[in-house]
Amino acid sequence: MAIIELNNVHFTYNAGREDETPAVRGVSLTVSEGEFVAIVGHNGSGKSTIAKLMNGLLLPDEGSVTVDGMSTADDDKLFDIRSRVGVVFQNPDNQMVATIIEDDVAFGPENLGLPPEKIRERVDWSLKSVGMYDRREGTPFRLSGGQKQRVAIAGVLALKPKVMVLDESTSMLDPVSREEVMTVVKKLNREEGMAVVAITHFMEEALEADKIVVMDDGKVFAEGGKEIFEREAELEKIGLSAPLACRISHRLREKGIDLPPGIVTESELVAALTGKT
């Protein structure tokens, strides 16, 4: 069952002005319960605009966005929509509102008007889910980038959303911290059944998704599974690189090494080269 539906959505920044910038052009896509969707594209392709359209931070100029059947254009439904679709942005410092970690995570549930015992329950569960419970009484401003982003995720989790949207949430992190954050995200998706929309320019992150949406010039260029990355030449034309394992397998085939089609992950490449399945 679809939780989020975008139907022929258009959006232009500064519409009607000389500096107007079309960002999304006729995009239709869905996010279903428990689904992991990756949206990839070069800078300016429209992917971050889609994140803001998904929970009503932006409203479409044309077309419609619905969350659990509620239109983001309905002001009376925006509170419910944003409770169902939580967004984690690129810079975690911009989402910190308190000087103590557990207070920061409690901010959302407090605004929902939940009783203190329910807030305590949600804060503890959220921090345990991201592996930050032992630091709950410390300050978020002394954490590493990956740890801060995990606290930001906990703050969204405490709202118990149906969908978590990560808008380039790992782009400012080093490789170790990126892996740290994505491990948490994959766990929430697989063990908690939370739908995830990961907006990223890291192709390896997109390999974890059930569905991959490739954006170019505000439009959906391609949609499907990880087999999309076999279209290496087409992706290069729009400024994207296929995952490293995919590119290596293509080069090896060009040199005459017999490899099966469909290799896009490092484990698949190693298995093919060693004869292991």
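Chains are numbered independently. Their residues run from 1 in the order of the written sequence. Where totals are concerned, whole chains, interfaces and linings use all residues; where local detail is concerned, this predicted model gives features only for residues with pLDDT of at least 70, and gives and counts side-chain atom pairs only at 80 or more. Just so you know, side-chain values use all the structure's heavy atoms and leave hydrogens and water out.

Student: Whenever I open this one, the overall build of the protein chain confuses me. Can you help?
Tutor: The helix and strand inventory of the protein chain stands at ten helices and ten strands. For the radius of gyration, the atoms used are the C-alpha atoms, and the globule rule reads 2.2 Å times the number of residues raised to 0.38. Taken over C-alpha atoms, the radius of gyration comes to 20 Å for the protein chain, in line with the 19 Å a tight globule of 277 residues would show. Dimensions of the protein chain along its principal axes, counting C-alpha atoms only, are 65 × 50 × 35 Å. Each residue is assigned to one of three classes by its accessible area relative to the maximum for its type, calculated with a 1.4 Å probe on protein chains only: buried under 20%, partly exposed between the two thresholds, exposed over 50%. Relative to its 277 residues, the protein chain shows a buried fraction of 49%. Contact criterion: two residues are considered in contact whenever any of their non-hydrogen atoms come within 4.5 Å of each other. Partitioning the contacts of the protein chain with sequence separation of at least 6, the portion at a separation of at least 24 is 63%. When the accessible surface of the protein chain is totalled, it reaches about 13200 Å², and 47% of it is carbon and sulfur. A positive count includes Lys and Arg, and a negative count includes Asp and Glu. His and the chain ends are not counted in either. Taken as the charge location is NZ of Lys, CZ of Arg, CG of Asp or CD of Glu. In the protein chain, the 32 positive side-chain charges and the 46 negative ones have mean positions that sit 4 Å from each other. Runs of E in the DSSP output that reach at least two residues are strands. Runs of H or I that reach at least four are helices, and both are numbered from the N terminus. Values of accessible area rely on a 1.4 Å probe in the Shrake-Rupley scheme; residue burial ignores everything except the protein chains shown.

Student: Hey, could you run me through helix 3 (residues 101-111) in this one?
Tutor: Since there are 3.6 residues in each turn of an α-helix, residues three or four apart along the chain are aligned in direction. Those residues of helix 3 that sit buried are I101, E102, D104, V105, A106, G108 and P109. In this structure, the buried side of helix 3 is in contact with helix 4 (116-129) and helix 5 (145-157). After helix 3 finishes, the residue G113 shows a positive phi value of roughly 80°.

Student: In this structure, what is going on with the side chain of T72? I would like to understand it.
Tutor: When you line up the elements, T72 lands in the loop between strand 5 (70-71) and helix 2 (78-84). Ignoring any residue separated from it by four or fewer positions in sequence, one finds T72 in contact with L53, M54, G56, L59, P60, V65, L78 and I81.

Student: So what exactly am I meant to see when it comes to the sheet that holds strand 6 (residues 85-88) here?
Tutor: Sheet strands associate in pairs through backbone hydrogen bonding, adopting either a parallel or an antiparallel arrangement. Pairing is mixed in the open sheet, where six strands are placed in the order 6-7-8-3-9-10. Edge positions in the sheet fall to strand 6 and strand 10 (219-224), since each of these pairs with one other strand and no more. Here the strands of the sheet are splayed against their neighbours by 20° on average, with no regard to which way each runs. Two strands are said to pair when DSSP picks up at least two bridges between them. Bridging between strand 9 (residues 211-216) and strand 10 involves five bridges; their strand directions are antiparallel. Bridging across to strand 10, I212 finds its partner in G224. Here helix 5 sits on the sheet in contact with strand 6 and strand 7 (163-167), set at roughly 165° to strand 6. Angles here are taken between N-to-C directions and fall from 0 to 180 degrees, while the axes themselves are lines fitted to C-alpha atoms, restricted in helices to the stretch in contact. Against the sheet, helix 6 (residues 175-192) engages strand 3 (36-40), strand 7 and strand 8 (195-200), with an angle of about 140° to strand 3.

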